[in-house]
Amino acid sequence: MNREYHIWYSSRLQRNMELLVFGHGGRAVLMFPTRMARFYDYENWGIINALSDRICKGELQLFCVDSIDAESFYNQWVHPSVRINRYIQYEQYILHEVIPFMRSKNSNNNFEVAGCSMGAYHAVNMAMKHPSLFKKVVGMSGRYDLSKQMQDFRDLFDGYHDENIYFNMPRQFVPNLNDCCNLNAIRDMEIVLAIGETDPFISDNKDFSHLLYDKGIPNQLYVWGCYAHRPKYWRHMVQLYL
């Protein structure tokens, strides 16, 4: 299997950023890591190996990026407005540095985006905001409004709310989308959500799926008969949904 390690200094983030590429061609998938995880964790957890046959055959090419969650959503030492602004800088890094890098490695411009847990939030938010970039999004074990407490998972903005938070929480901004071009692009995208039936985010996923249907956006929601918020389940999910 082709495996490449890359690092460069990001002008948007003012720090070095690392990523791994697996494969030499096929469908290019941008993979976001789990909560405060690293670019190498999907490899360490066997999730890359679960897709090795398709990667080696040139059917899939995975781009596993790093996280800065500890500097954004989980940075309790700064004001919530600073947390969301740091996330927006991360989004700019993805859009203006990682996406062009993917294009340099893969001539297929119909990219896909995926992630597990917090990575699912990153993937779905990116897809909903920039649907023209992606033909498919897969969110596994994710939540799609980080400003709402869900069981033991707290509101990551401590009750604070502003326009930047609103426009980066899919559960909040998608119901109010009225731009025909943007809505049509989302409707053309394949949307897959997977969640365990005892996962704390199960209601969030069901509500988000219904919300999408209410906007005329087709989507597939798969509910697993267990907690399923662990790598051993994600190894199976990626085989089914990527």
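Before going into details, it helps to say that this report is about the structure given with it. Note that this is a predicted model, so its numbers are computed, not measured.

1. A word on the packing of aromatic side chains
In the structure shown here, the tally under the stated rule is 18 aromatic pairs. Members of the aromatic cluster, each reached through a chain of ring pairs, are Trp 8, Phe 32, Phe 63, Phe 73, Tyr 87, Tyr 90, Tyr 93, Phe 101, Tyr 121 and Phe 157.

2. Regarding the environment of Asp 162
Inspection of the secondary structure puts Asp 162 in the loop between strand S6 (134-140) and helix H5 (163-166). Judged by its relative accessible area of 17%, Asp 162 falls in the buried class. Between the alpha carbons of Asp 162 and Ala 37 there is a distance of 27 Å; along the sequence they are 125 residues apart. Residues in contact with Asp 162, not counting those within four places in the same chain, are Ser 81 and Ile 84. A polar contact is formed between the side chain of Asp 162 and the side chain of Tyr 160, at a distance of 3.0 Å.

3. Let's talk about the nonpolar core
Of all hydrophobic cores here, the largest spans 53 residues; its most connected members are Leu 30, Phe 73, Tyr 90, Ile 94, Met 128 and Phe 134. When residues of this core are assigned to their parent elements, the largest contribution, 10 residues, is made by helix H3 (residues 80-105). Setting aside anything within four residues of it in sequence, one finds Phe 134 in contact with Leu 30, Ile 99, Phe 111, Glu 112, Val 113, Met 126, Ala 127 and Met 189. If you look at the next biggest cluster of nonpolar residues, it comprises 28 residues, including Val 29, Trp 234, Val 238 and Leu 242.

4. A closer look at the pairing of strand S1 (residues 3-10)
Sheet analysis places S1 next to strand S2 (residues 15-22), joined by eight bridges and oriented antiparallel. Bridging from a neighbouring strand, Ile 7 pairs with Glu 18 of S2. Between S1 and the antiparallel strand that follows it, S2, lie four residues; Gln 14 among them carries a positive phi value of about 60°.

Here is what the cut-offs are and how they apply
- Residues numbered from 1 in each chain as written.
- Predicted model: local features only at pLDDT ≥ 70, side-chain atom pairs only at ≥ 80, totals over all residues.
- Heavy atoms only, no water.
- Phe/Tyr/Trp six-rings, centres within 6.5 Å; stacked < 30°, edge-to-face > 60°.
- Helix = DSSP H or I, 4+ residues; strand = E, 2+ residues; numbered from the N terminus.
- Buried < 20%, exposed > 50% of the residue type's maximum accessible area, 1.4 Å probe, protein only.
- Contact = heavy atoms within 4.5 Å.
- Polar contact = N/O pair within 3.5 Å; in protein donor to acceptor, adjacent residues only side chain to side chain.
- Core = buried A, V, L, I, M, F, W, Y, C linked by side-chain atoms within 4.5 Å.
- Pairing = 2+ DSSP bridges.

Structural measurements only, silent on function.
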